[in-house]
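Residue-level structural notes
The chain contents come next:
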Amino acid sequence: MITEKQVVQYLKNKDQDYIDNLLERIKNSCSINVKSESKIICPICGLSSVKKNGKDSYEKQRYFCNDCHRFFSENTKTLFFCSHFTKDQWLKFIDYEISGLTLK
């Protein structure tokens with residue numbers, strides 16, 4: 001597993017254009033697009049036999065796949081899965097780490 005210090009050290013060796021491009025790519029791919037052409041697609045098995053199944057504790061829509069019998073949400077298989085922080089908090093954290101600022 002890669003540690004936070006390893007990521008910071010790696011990014012310190014990169015130029016600003018690379019870092020800006022990386023941040024932009026992270027912002028654009030923060031969640032799996034489960035809606036494709038108005039169909040909801042399961043990010044686990046890739047099939048579209050999906051139904052809505054309530055909301056999670058963060059008020060995000062949950063889905064159930066009738067094919068693989070798994071539950072998922074928009075954050076499934078993303079950096080933000082199992083995280084208590086929001087997308088904006090993560091992006092701010094990454095930006096502060098790259099800039100060398102404190103998190104307070």
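Residues numbered from 1 in each chain as written. Predicted model: local features only at pLDDT ≥ 70, side-chain atom pairs only at ≥ 80, totals over all residues. Heavy atoms only, no water.

Focus: helix 3 (residues 87–99)
Spanning 13 residues, helix 3 covers 18 Å between terminal C-alpha atoms, matching the ideal 18 Å at 1.5 Å per step. Buried residues of helix 3: L91, I94 and E97, and no others. Take helix 3 and look down its axis: the buried residues cluster within an arc of 130°, on one side only. Once helix 3 finishes, G100 follows within two positions and takes phi at roughly 80°, a positive value. (Helix = DSSP H or I, 4+ residues; strand = E, 2+ residues; numbered from the N terminus. Expected span 1.5 Å × (residues − 1). Buried < 20%, exposed > 50% of the residue type's maximum accessible area, 1.4 Å probe, protein only. Arc of directions from axis to C-beta.)

Topic: the pairing of strand 3 (residues 50–55)
Pairing of strand 3 with strand 4 (residues 61–65), which is carried by four bridges, proceeds in the antiparallel orientation. Across the sheet, residue K52 finds its bridge partner in strand 4, namely Y63. The hairpin turn running from strand 3 into strand 4, its antiparallel successor, is five residues long, and E59 in that turn takes a positive phi close to 65°. (Pairing = 2+ DSSP bridges.)

Some points on the side chain of Q61
Tracing the sequence through the fold places Q61 in strand 4. Engagement of the side chain of Q61 in a polar contact is seen with the backbone oxygen of G54, the distance being 2.9 Å. Aside from chain neighbours lying at most four places away, what touches Q61 is K52, N53, G54, K55, F72, S73 and E74. (Polar contact = N/O pair within 3.5 Å; in protein donor to acceptor, adjacent residues only side chain to side chain. Contact = heavy atoms within 4.5 Å.)

All quantities given are derived from atomic positions and should not be read as evidence of function.
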